[in-house]
Structures are given as C-alpha cells and as structure tokens.
Amino acid sequence: MIDTVRSELLKIRSVPGVWVCFGLAFPLTALIMWAVFASAGGFPGHTYSFVSTVNQKRDLLGAGYFGITFLAPVLGVICITSEYRHKTITSTFVLTPRRERVLAAKMLVTGWWCLLMALLSLVVVIAAGLPWNAALGGVTSQVTAQLGAVVPGLVVASILFGLFGLGFGTLVKNQVTGILLTIGGTFILEPLLVALARGVFHYDLNWLPSAAAAALAGSLARGGLGGNHDVTTHYLPWWAGGLVMLAWGLIPLALGYFTTVRRDVT
Amino acid sequence: MSTPSPSRGLPIEISELTKHFGSVLAVDHLDFVVEPGRVTGFLGPNGSGKTTTLRMLLGLVTPNAGRATIGGRFYRDLPDPSGTVGAVLEATSFHPARRARTHLRMVARAGGHDEARADVVLDLVGLTADAQRKVGGFSMGMRQRLELASALIGDPDVLILDEPSNGLDPQGIAWLRDFMRYLAGEGRTILVSSHLLAEMAQTIDDAVIVSHGQLKAQGTLESITAGVAQASMHARTPEADRLCAVLTEAGVRFRRLSVDLVAVDGMTPEQLGPLLATNQIILYELTNEGADLESIFLSLTAGLGFGELAQPT
C-alpha cells in the first residue's frame with residue numbers, strides 16, 4: 001500500500017494540471033484578499049481598510065477558500081480521470097492489481113495535495129495579506145488570533161472538496177465531464193436548486209456540497225466573501241456539514257468503484 | 001531454438017478460459033500452456049481473442065469461465081506482481097507530459113522496486129539519452145521501448161508482450177528479436193502476440209494459434225510447420241484431370257487450384273512421388289506448400305482442415 005501511495009504521489013506531481021490548480025490558487029487568494037480590504041473600506045469608493053470585525057479577519061485568513069471550492073474538486077477529478085484520458089489506468093492496474101488499493105492511495109494523495117493547497121493559501125495570506133493589512137493600519141496579532149478558528153475548517157473543507165472531485169471523477173471517468181459536473185454542480189446547479197427549494201418549498205437545501213462545506217468552514221462562508229453569500233441559509237452544524245461533505249465524496253467514489261473501476265479494462 | 005539456463009521462469013496455464021462481451025464470444029474454452037525458457041508466439045488474426053486472453057491473464061478482464069494462472073496463481077494473488085510478470089500491452093498508455101525517467105520511477109515505486117532500476121532498464125532498451133525527454137515527443141518505436149522498459153523494471157520471470165513490434169523499424173524489430181531470445185535464454189517465460197508472422201517465425205520456439213477465440217494449434221514451431229507442410233503439396237502438371245482421377249481413386253483429399261495446378265492434402269512428398277510415378281503422370285513442378293508460418297497461419301485460421309492437420313498438443 002505504501003508503494004502505491006508513493007507511486008501516486010509521484011504520478012500526480014508529474015501531471016501539469018495539478019500545478020495549474022496550484023498556480024491559480026495564488027491569484028485567486030490575492031483577489032479575495034483585495035475584496036476583503038475593499039469590503040472593509042466600503043466597496044463603492046474603492047477605499048481600502050484594514051480588517052476590524054471578527055468575520056473580516058476570518059475572511060482574510062480564509063481568503064483561499066473561494067479558490068479551493070473549485071480548484072480542489074478539479075484536482076480530485078484530474079487525479080483519476082487523467083488515468084483514463086491517457087490510458088495509463090491499464091498499467092496502473094497491472095502494477096497494482098488490487099484496484100481498491102489504487103483508489104485508497106488516490107484518496108490519500110488527493111487529500112494530501114488539497115491539504116497543501118489550503119496551507120499554500122494561508123502562506124499567501126501570511127506573506128502578503130497580513131503586511132497589507134498592517135500597511136492599512138491593522139494589528140497583525142488581532143488577525144492571527146483567529147487562525148485557530150479558520151485553519152481547521154479551511155483545511156478539512158479543502159480535503160473534502162478534493163475527495164468530492166475524486167469521487168465524481170471515478171464515477172464518470174471523463175475529465176471534462178467530471179470537471180463540469182463538480183464545478184457546474186457547485187456553482188450553477190446548487191444555487192438554482194437552493195433558490196428553487198426555498199422559493200417553492202420553503203426548505204433550506206443545506207446538505208448540498210457547497211452548503212455542507214460552508215457549514216464546515218464556518219464563518220469563512222457566513223461572513224460573505226469567502227464562500228456562500230447567502231446569510232439567510234440555515235447551515236448544518238459544522239460536524240454534520242463535514243460528514244455530509246465526506247458523503248458527497250465517498251458515495252460517488254463507492255459507486256464509481258463498483259460501476260467503473262471494477263469493470264473490465266479492455 | 002533456445003537452450004535455456006536453469007529455469008527462473010514460471011509456466012503460464014490457460015484452462016477452459018472463456019469470455020463473452022455481450023453476445024460476442026471473444027474467447028471460447030481456450031486451453032494452452034506456456035513453458036519457461038522458451039519464446040512462445042501467440043498468433044491469430046485481428047479479433048481472435050489474443051488481447052482479451054492476455055488481459056484476462058493479467059487480471060484486467062474477468063473471465064466468464066476458466067482459469068488463467070502464472071505459476072499456478074492468479075495474477076492478482078501474486079505476492080510481487082511486477083517482480084514476477086512484466087507486461088507490454090499498449091504503447092499509447094503514457095502521460096505525454098511525463099518524462100521517461102519519471103514514468104519509470106513511478107512504475108518502480110508502484111512495484112516496490114529500487115528507483116535506480118529506472119536507469120538500468122532505460123539503458124537496456126537504449127533510451128538513456130532520452131531519459132529526460134517528455135514521452136509526448138517520443139515516436140511509436142520509442143514508446144514501445146519505454147513500455148518494454150516498464151515491463152522489465154522488476155526483473156520479472158515472465159514477460160507478456162502484446163504486439164511489441166508495432167511501430168518498430170527493422171532495426172528495432174531485430175533488436176527486439178535478439179532481446180527476447182536473450183531473455184528466454186535466461187530461463188524466463190516469454191509469451192508474445194504478434195501478427196508479423198515472418199518476424200515471429202525467426203523468433204519463437206513454440207506457437208499457440210487461435211482463431212475466433214478457439215485454439216487451433218499449439219506446439220513447437222517445427223511440429224506445427226511439419227504437420228502442415230506434409231499436408232499440402234502443390235503439383236503442376238499438364239495432366240491435372242488424370243491426376244485428380246488418380247487421387248480420387250486413392251482416396252486422397254485434393255483441391256484443383258487452376259487448370260494445371262492441384263493441391264494435394266495429407267500426403268508427404270515421399271508418398272505422393274511414387275503415386276505419380278506409378279501412374280506415369282507428367283510433372284512440371286512439385287512444391288511443398290505451407291512450410292512457412294504465414295501459410296500455416298492462413299491455413300489454420302481460415303479453417304482449412306486444421307483440426308486434422310495440427311492437433312493441439
């Protein structure tokens with residue numbers, strides 16, 4: 001199993017798509033930081049201000065969350081679908097004939113890279129966001145005091161978003177379909193369904209992926225800039241959000257295992 | 001052909017192997033054994049079930065019935081799969097952005113082998129100079145060599161090669177032939193499928209011939225060629241009508257190929273010669289057809305009496 005994980009680590013590292021995801025995480029984190037300072041200063045005049053409220057501080061620290069909500073699923077999708085796209089799945093299954101081990105290794109590797117992505121976004125905030133905040137007159141220690149509240153949710157949400165992508169990638173095998181399904185589902189279909197459920201049935205559809213992840217990530221999302229803007233949504237408890245998000249990854253992964261991974265490789 | 005060293009290979013045993021894809025019967029109760037220390041050609045026309053058989057052997061395709069084992073074990077049950085079996089299946093299964101050495105390091109890691117083996121096998125297949133190049137820029141021949149390098153990473157006892165000479169230039173094919181013979185000489189088991197029959201005839205010790213998923217012949221190359229060579233003599237004569245009458249009277253199977261050409265089945269030259277002399281039939285030419293692998297292959301896979309000529313052993 002350790003050999004398979006080591007091989008998968010090298011495999012994903014040598015795929016350009018992963019580095020594209022990481023490359024995009026930088027500007028997206030910077031963009032959200034800019035929005036946080038602009039929001040703190042009152043958007044219309046484009047005057048920037050340091051972060052003062054708890055939510056603003058958490059939004060700044062979790063500036064990477066927005067990018068993670070779609071980059072982590074894409075990374076998860078790529079981790080499995082690039083194997084089918086380039087037909088390397090044949091040699092993967094020859095080298096590791098116990099296919100469940102391959103999937104388990106991919107889960108670990110996806111989780112690891114999504115963890116790195118979350119940490120990278122924090123590094124960007126610490127390296128650029130905190131000096132920027134200080135330059136605007138903010139007190140750095142007041143912001144870093146919120147790290148404990150932000151980091152666990154950010155990291156776990158990133159990992160679970162990665163598994164979400166891996167699950168759907170395993171299920172559909174096709175890279176483009178997998179990316180469209182996860183990103184389109186999260187950013188287009190989910191808001192539509194939420195609006196429909198609330199408007200027609202007066203029901204908070206809070207167990208769909210981004211709402212579940214928002215519950216887990218806590219104030220990052222509730223503050224308005226880091227994720228879901230809809231403050232009227234009644235979120236699940238953080239632990240329930242985590243479990244629901246985990247299910248959004250594991251259920252398609254299990255379905256994918258039984259419907260595609262176990263199938264004949266012809 | 002080869003004189004194997006003390007055997008390090010394992011036998012491959014295919015027993016009653018059957019596979020359906022929907023209503024298509026791809027492999028039909030296939031039975032054969034591949035012995036260590038020999039190069040065994042797995043021959044058959046396109047769609048005859050060769051690739052499906054090899055994939056069942058490697059656990060990529062699940063058979064509907066029967067067994068395919070290596071040293072008595074299913075591939076997935078081998079304690080060290082890539083250290084036991086090396087497989088070359090398709091030369092297109094590379095990520096184009098990955099460098100050759102990285103690809104091999106990845107393969108080595110997956111099999112639990114020393115990553116330094118990557119450079120060893122690159123050298124073996126003559127790709128050392130291209131180790132840092134991305135596979136996307138490789139020719140088909142180079143990809144075949146890289147695929148072979150991947151198969152050799154665990155220094156396996158058994159090599160399974162599916163059309164390994166595809167895309168190789170004549171030099172590459174000659175190199176591959178020598179390489180297979182060298183590996184078999186070390187006692188390894190080599191099972192190689194190919195449609196390049198002339199090339200295979202120079203390479204293999206044994207042949208397994210399949211058609212429509214069924215075994216048509218198995219044995220040493222000599223035994224198969226001998227069986228079929230005896231079975232088809234072409235006689236060119238101005239007295240073809242009289243020859244046909246003589247053969248009919250003698251109860252010999254024959255086919256009239258043209259006005260002056262008759263194919264006589266099931267007779268050796270030693271048997272046919274006296275029959276012609278006794279009946280004073282003028283003969284312009286008597287040729288022993290079917291002595292090469294290609295004609296055997298065509299004969300067997302076209303269903304021309306192969307069951308009687310070269311029984312599976």
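Treat the numbers as computed from the prediction; the structure is a model and nothing was measured.

So, about the overall build of chain A. Per the secondary structure count, chain A includes 12 helices and zero strands. Overall, chain A shows an N-to-C arrangement of helices and strands of α-α-α-α-α-α-α-α-α-α-α-α. Taken over the C-alpha trace, chain A has a radius of gyration of 19 Å; the compact-globule value for 266 residues is 18 Å, and the two agree within 12%. Principal-axis analysis of the C-alpha atoms gives chain A an extent of 60 × 45 × 30 Å. Contacts in chain A between residues far apart in sequence, at least 24 positions, make up 80% of those at least 6 positions apart.

Here we take up the overall build of chain B. Helix and strand counts for chain B stand at 12 helices and 13 strands. Across the 313 residues that make up chain B, the buried fraction comes to 47%. Here the analysis covers contacts within chain B between residues at least 6 apart in sequence; of these, 71% occur between residues at least 24 apart.

Attention shifts here to the nonpolar core. General note: in soluble globular proteins, nonpolar side chains tend to be found buried as a group. Among the nonpolar cores identified, the biggest contains 144 residues, and Leu75 and Ala212 of chain A together with Ala149 and Ile160 of chain B are the most heavily contacted of them. If one sorts the elements of this core by residue count, helix H8 (residues 147-172) of chain A sits on top with 14 residues. Aside from chain neighbours lying at most four places away, what touches Ala149 of chain B is Leu104, Val121, Leu122, Leu124, Val125 and Leu127 of chain B. In this structure, Ala235, Leu243, Val262 and Val264 of chain B belong to the second largest nonpolar core, which totals nine residues.

To continue, consider the interface of chain A and chain B. When the parts of a complex come together, some accessible area is lost, and that lost area is often used as the size of the interface. Every contact between the two is made by 24 residues of chain A and, on the other side, 29 residues of chain B. Mapped by element, the contributors of at least two residues to the side of chain A that touches chain B are helix H1 (2-13) and helix H5 (89-95) of chain A. At six residues, the largest contribution of residues to the side of chain A that touches chain B is made by H1 of chain A. In terms of residue class, the side of chain A that touches chain B is built from eight nonpolar, 10 polar and six charged.

Residues and elements named next belong to chain B. When pLDDT is averaged along chain B, the result is 83; 86% of the residues meet or exceed 70. Below a pLDDT of 50 lies the segment residues 1-6, which in the model reaches 16 contacts outside its immediate sequence neighbourhood of four places, other chains included. Taken as a whole, residues 303-313 scores under 50 in pLDDT and shows 19 contacts with residues more than four places along the chain or in a different chain. Interface scoring of the predicted complex returns ipTM 0.76; its pTM is 0.77.

The next subject is the environment of Gly112 of chain B. All names here are of chain B. One can find Gly112 in the loop between helix H3 (100-111) and helix H4 (117-124). When the 17 C-beta atoms within 10 Å are taken as the criterion, Gly112 is described as partly exposed. Once the C-alpha coordinates of Gly112 and Ser82 are considered, the two residues, 30 residues apart in sequence, prove to be 8.7 Å apart.

On to the sheet that holds strand E5 (residues 85-88) of chain B. Residues and elements named next belong to chain B. Read across the open sheet, the six strands follow the order E5-E6-E7-E3-E8-E9; overall the sheet is mixed. The open sheet has two free edges, formed respectively by E5 and strand E9 (214-220), since each of these has just one partner strand. The sheet shows a mean angle of 15 degrees between the axes of neighbouring strands, taken without regard to direction. Two elements, strand E3 (residues 39-43) and strand E7 (residues 189-193), share four bridges in a ladder whose sense is parallel. Bridged to Val39 within E7 is Ile190. Relative to the sheet, helix H5 (residues 140-152) contacts E5 and strand E6 (158-162), its axis offset from that of E5 by approximately 165 degrees. Where helix H6 (residues 170-185) meets the sheet, its contacts fall on E3, E6 and E7, and the angle it forms with E7 comes to roughly 150 degrees.

Here we come to the pairing of strand E1 (residues 12-21) of chain B. Residues and elements named next belong to chain B. Note that E1 and strand E4 (residues 65-70) share five bridges and pair antiparallel. Opposite Glu13, over in E4, you have Thr69 as the bridge partner. As judged from the seven bridges shared by E1 and strand E2 (residues 24-34), these two strands associate in the antiparallel manner. Bridge pairing in E2 places Ile14 opposite Phe32. In sequence, E1 turns back onto E2 through a hairpin of two residues, with Gly22 there showing a positive phi of about 65 degrees.

On to unusual backbone geometry. All names here are of chain B. Positive phi outside glycine occurs at Asp155, with the angle close to 50 degrees. Inspection of the secondary structure puts Asp155 in the loop between H5 and E6. You can call Asp155 partly exposed: it has 16 C-beta atoms within 10 Å. Of note in the backbone geometry, Glu163 takes a positive phi value of approximately 50 degrees without being a glycine. Positionally, Glu163 belongs in the loop between E6 and H6.

As a further point, take the packing of helix H2 (residues 16-41) of chain A against helix H3 (residues 54-61) of chain A. All names here are of chain A. Contact geometry for H2 and H3: axes closest at 9 Å, N-to-C directions at 165 degrees. By the angle between their directions, the pair H2 and H3 is classed as roughly antiparallel. For the pair H2 and H3, the crossing hand works out as left-handed. On H3, the residues touching Met33, Val36 and Ala40 of H2 are Gln56, Asp59 and Leu60. Looking at the contact of H2 with H3, its residues break down into four nonpolar, one polar and one charged.

This part takes up the environment of Gly219 of chain B. Residue and element names in this part refer to chain B. Within the element layout of this structure, Gly219 appears in strand E9. By the C-beta count within 10 Å, which is 19 here, Gly219 ends up partly exposed. Residues Gly219 and Val208, 11 residues apart in the sequence, show an inter-C-alpha distance of 6.9 Å.

This brings us to the sheet that holds E1 of chain B. All names here are of chain B. Strand order in the open sheet formed by three strands is E2-E1-E4, and the pairing between neighbours is antiparallel. The sheet terminates laterally at E2 and E4, the two strands that pair on one side only. In this sheet, adjacent strand axes meet at a mean angle of 20 degrees when their direction is disregarded. Packing of helix H1 (residues 50-57) onto the sheet brings it into contact with E1, E2 and E4, and relative to E1 it is tilted by some 115 degrees.

With 12 residues, H1 of chain A ought to run about 16 Å at 1.5 Å a step, and its terminal C-alpha atoms sit 17 Å apart, in line with that. For H1 of chain A, the full list of buried residues reads Thr4, Ser7, Glu8, Leu10, Lys11 and Ile12 of chain A. Each element contacted by the buried residues of H1 of chain A is listed here: H2, helix H4 (65-85) and helix H6 (99-135) of chain A together with H3 of chain B.

Each value, and the rule that gives it
Residues numbered from 1 in each chain as written. Chains lettered and ligands numbered in written order. Predicted model: local features only at pLDDT ≥ 70, side-chain atom pairs only at ≥ 80, totals over all residues. Helix = DSSP H or I, 4+ residues; strand = E, 2+ residues; numbered from the N terminus. Rg over C-alpha atoms; globule rule 2.2 N^0.38 Å. Contact = placed C-beta atoms within 7 Å. Buried ≥ 20, exposed ≤ 12 C-beta atoms within 10 Å, placed from the backbone. Core = buried A, V, L, I, M, F, W, Y, C linked by C-beta atoms within 7 Å. Nonpolar A, V, L, I, M, F, W, Y, C, P; charged D, E, K, R; others polar. pLDDT = per-residue confidence, 0-100. Pairing = 2+ DSSP bridges. Axes fitted to C-alpha atoms, helices over the stretch in contact; angles between N-to-C directions. Parallel < 35°, antiparallel > 145°, perpendicular 65-115°, else oblique. Left-handed = near helix turned anticlockwise from the far one by under 90°. Expected span 1.5 Å × (residues − 1).

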